[in-house]
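As a plain string of letters, each chain reads:
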Amino acid sequence: MNLAEGLMNKDKRAAARLITLIESNDTEAINTLSRLYKHTGGAHVIGITGPPGAGKSTLTDKLAKELRQIGKTVGIIAVDPTSPFTGGSILGDRVRMADLYTDAGVFIRSMGTRGHLGGLSKATLGAVKILDIYGFDYIFIETVGVGQSEVDIVKAADTVIMIMVPGLGDDIQAIKAGIMEIGDLFAINKSDREGADRTKVEIEMMLDYNHSDWRPPVLQIVATENKGVKELLEKIQFHREYLQSSNRLIERRRKNSEIEIIDLVQDSLMKRVLQKDNRTEIEKMAKEVALRKLDPYTVSEDLINKIINY
Amino acid sequence: MTRPIRVLVAKPGLDGHDRGAKVIARALRDAGMEVIYTGLRQTPEQIVQSAIQEDVDVVALSILSGAHNHLLPKVVELLKNEKVYEEMLVIGGGVIPDEDIPGLKESGLAGIFTPGTPTQATIDFIKENLKREL
């Protein structure tokens, strides 16, 4: 099967296989993406993030269904944590999306973080591009359950939805410095529970300090009962229109591309640094450093110069 | 670079008991595999679409309802129709009488694991019988 051709012809098997290869850092798959890159950019990429158990998968499922009703196609990438001890994982986000499995206009892929911090896996961006080339109108990225500093989603999405739940109380204070800054929209899920109004007030108060010309809307929803989902989708589309007015979308994507390029350079440099010859060299030098015959600063600087001049 | 083995753990049919599926999912995870769990009451069509989109190496079917002779071969048949069977190892587990096992194997299930099988036996079987390289 020619994967590039298959992907362009909307063959889900080709898309699925390419994602596997991108996850394994396969050179040929990277070349394929590089060749087809010009076909990306058409999808509206939406990040869904929030603490564990907030309802990310359920909300993704409901939003996808709303979009299917108006004839839009939907790609979903759901990221779950990989065990740092065994390298294994249980990816269970699909469970909430069972009605979508056989929908021809939907593609769902689960990914383990495979040691990457930040809420996504290293290959998530590549997987998004594959689904973008395939031609999905909307692509959802569901992050792992986040705490305070998993903000990678902002590099990957056009619109970030931060899901909260009532009753986190002072925890909002604790997380406001990190992930609370990346939400373009806030959805307070399980708003039939006590404390939903207080949570809304707290988030609104926090947003008062925000001086951007986009004021993130704060919605109260009950995802399991489909309450507030339609309104949320309207706000998502409103955010997209906002981005498209006066080039904000391009500016956001420019920023993200910049980060992506730096990340790729970093990866590639690290790969070269840690290749076998250098590893032997580093081991040798480490001994000298341990004996205080050399210092680590000079050793690392020399190593970098050697690689750059290579 | 080698990647983790990806396994779809699915529950075809109408029984609502997924304890066995969860035990095996956990054991496979602890063996370093990426386990995609699909939830209860899956139709063969749902299982096959999930297997394709997740591009798994193994489809592990847990069934306790007694409908195994119908549902398990159906999954294999659909995988064949979608031309992915050649790359996916299909195994089954659950309450399956011994006399049904030869027929299931003939239909394309590589292995059947009945209650009492040590999870390590399933793990070893998967590692030894993968149909494609990692």
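An unreviewed UniProt entry lists chain B under the name Cobalamin B12-binding domain-containing protein, with Alkaliphilus pronyensis given as the organism. Looking at chain B in UniProt, the text filed under Cofactor (unreviewed entry) is "adenosylcob(III)alamin".

Going by the annotation in an unreviewed UniProt entry, the name recorded for chain A is Methylmalonyl Co-A mutase-associated GTPase MeaB, with Alkaliphilus pronyensis given as the source organism.

Residue and element names in this part refer to chain A. In terms of nonpolar packing, the biggest core is built from 35 residues, with Leu7 and Ile130 touching the most fellow members. Elements with a minimum of two residues in this core: α1 (3-8), α2 (12-23), α3 (27-36), β2 (74-80), β4 (106-112), α5 (124-134), β5 (138-142) and α6 (153-156). With near-sequence residues (within four places) excluded, leucine 7 lies in contact with Ala14, Ala15, Leu18, Leu36, Ile130, Ile133 and Tyr134. Within the second largest apolar cluster, 29 residues are counted, among which are Ile108, Tyr138, Phe140 and Leu185.

This part covers the sheet that holds strand β5 (residues 111-113) of chain B. Spatially, β3(A)-β2(B)-β1(B)-β3(B)-β4(B)-β5(B) is the arrangement adopted by the six strands of the open sheet, whose pairing is parallel. Of all the strands in the sheet, just β3 (89-91) of chain A together with β5 of chain B have a single pairing partner and so form its edges. If you compare each strand with its neighbour and ignore which way they point, the axes differ by 25 degrees on average. Pairing of β3 of chain A with strand β2 (residues 34-37) of chain B involves three bridges; the strand directions are parallel. Each bridged residue has a counterpart across the sheet, and for leucine 91 of chain A the counterpart in β2 of chain B is isoleucine 36 of chain B. Helix α2 (residues 44-54) of chain B rests against β1 (6-10), β2 and β3 (58-63) of chain B of the sheet, and its axis sits at about 165 degrees to β1 of chain B.

With that settled, consider the pattern of salt bridges. Summed over the entire model, instances satisfying the criterion amount to 35 salt bridges over all chains. Close ionic contact of aspartate 61 of chain A with lysine 65 of chain A constitutes a salt bridge, the shortest N to O distance being 2.9 Å. Of the two residues, aspartate 61 of chain A and lysine 65 of chain A both sit in helix α4 (residues 56-69), four residues apart, roughly one turn of that helix. Lysine 65 of chain A gets classed as partly exposed once you look at its relative accessible area, which sits at 24%. One salt bridge connects aspartate 30 of chain B with arginine 29 of chain B, and the closest N-O pair in it is separated by 3.1 Å.

All names here are of chain A. The strand order β4-β2-β5-β1-β6-β7-β8 describes an open sheet built from seven strands, whose pairing is parallel. In this open sheet, the two strands that pair with only one neighbour each are β4 and β8 (218-220). Adjacent strand axes in the sheet meet at a mean angle of 20 degrees, parallel and antiparallel pairs treated alike. Sheet topology places β2 next to β5; five bridges connect them, and they run parallel. From the neighbouring strand, valine 74 faces β5, where its bridge partner is tyrosine 138.

Conventions adopted
- Residues numbered from 1 in each chain as written.
- Chains lettered and ligands numbered in written order.
- Predicted model: local features only at pLDDT ≥ 70, side-chain atom pairs only at ≥ 80, totals over all residues.
- Heavy atoms only, no water.
- UniProt positions renumbered as here; feature names shortened; annotations may be inferred.
- Core = buried A, V, L, I, M, F, W, Y, C linked by side-chain atoms within 4.5 Å.
- Buried < 20%, exposed > 50% of the residue type's maximum accessible area, 1.4 Å probe, protein only.
- Helix = DSSP H or I, 4+ residues; strand = E, 2+ residues; numbered from the N terminus.
- Contact = heavy atoms within 4.5 Å.
- Pairing = 2+ DSSP bridges.
- Axes fitted to C-alpha atoms, helices over the stretch in contact; angles between N-to-C directions.
- Salt bridge = Lys/Arg side-chain N within 4 Å of Asp/Glu carboxyl O.

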